[in-house]
2 protein chains.
Amino acid sequence: MSELAEAVGLKIRHQRKIFGVSQETLAHLAKVDRSYVGRVERGEVNLTIDMLYKLAQVLECDPKGLLP
Amino acid sequence: MSELAEAVGLKIRHQRKIFGVSQETLAHLAKVDRSYVGRVERGEVNLTIDMLYKLAQVLECDPKGLLP
């Protein structure tokens, strides 16, 4: 796992909690698998920029704010 | 091609020119294939965040500055 992926994962988890949704709801809204959201938050996924923007759109935040 | 990938590609090209290196030099420094840099700049690649950071490191700029 890269430190970068871990840092991004933590930021997404933090933003998800601020937004007040579960991993399941985020996955549903972003049209991805729930386990994928879990892996992203644990820093196990090297996100694409497209997916970063998709998650940021669902979480109603600036994608740049999800980068360390 | 996604609009997002195209916008990121244009920003990378712009930053590369400010930094004053060719696609070939950027590719060499980022340890990727020269044709890959061309495809990235044309918006044909859905970059990963890792690669965004690697290119930003070579171009000595903020990775967030390469996002639209």
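Here the structure is shown first, and the text comes after it.
An account of the accompanying structure is given in this report.

What counts and how
Residues numbered from 1 in each chain as written. Chains lettered and ligands numbered in written order. Predicted model: local features only at pLDDT ≥ 70, side-chain atom pairs only at ≥ 80, totals over all residues. Heavy atoms only, no water. Least-squares fit on C-alpha atoms with pLDDT ≥ 70 in both. Contact = heavy atoms within 4.5 Å. Core = buried A, V, L, I, M, F, W, Y, C linked by side-chain atoms within 4.5 Å. Buried < 20%, exposed > 50% of the residue type's maximum accessible area, 1.4 Å probe, protein only. Helix = DSSP H or I, 4+ residues; strand = E, 2+ residues; numbered from the N terminus. Expected span 1.5 Å × (residues − 1). Arc of directions from axis to C-beta.

1. Comments concerning the relation of the copies chain A and chain B
Okay, so step 1: Once chain A is rotated about the relating axis by 180 degrees and shifted along it by 0.0 Å, it coincides with chain B to within an RMSD of 0.0 Å. The transformation just described matches what one would write down for a two-fold rotation axis. Among all residues of chain A, the minimum C-alpha distance to the rotation axis is found for Thr48 of chain A, at 2.0 Å.
Okay, so step 2: In this assembly the copies share their binding face: 100% of the residues contributing to the interface of chain A also contribute to that of chain B.

2. Some remarks on the nonpolar core
Okay, so step 1: Counting residues in each nonpolar core, the largest one holds 48 residues, and the members touching the most others are Ile12, Leu47 and Leu52 of chain A together with Ile12, Leu47 and Leu52 of chain B.
Okay, so step 2: Of all the secondary-structure elements, those providing two or more residues to this core are helix H1 (3-19), helix H2 (23-30), helix H3 (34-41) and helix H4 (49-58) of chain A together with helix H1 (3-19), helix H2 (23-30), helix H3 (34-41) and helix H4 (49-58) of chain B.
Okay, so step 3: When near neighbours in sequence (up to four residues on either side) are disregarded, Leu52 of chain A contacts Val8, Leu47, Pro63, Leu66 and Leu67 of chain A together with Ile49 and Leu67 of chain B.

3. Examining H1 of chain B
Okay, so step 1: Helix length check: H1 of chain B, at 17 residues, gives a terminal C-alpha distance of 24 Å against a target of 24 Å (1.5 Å per residue), a fit within 8%.
Okay, so step 2: Every buried residue of H1 of chain B is accounted for by Leu4, Ala5, Val8, Gly9, Ile12, Gln15 and Arg16 of chain B. Taken down its axis, H1 of chain B places every buried residue within 130 degrees of arc, on the same side. More than 90 degrees from the buried face of H1 of chain B, the exposed residues found are Glu3, Leu10, His14, Lys17 and Ile18 of chain B.
Okay, so step 3: Packed against the buried residues of H1 of chain B are H4 of chain A together with H2, H3 and H4 of chain B.
Okay, so step 4: Just downstream of H1 of chain B, Gly20 of chain B is the residue with a positive phi angle, here 80 degrees.

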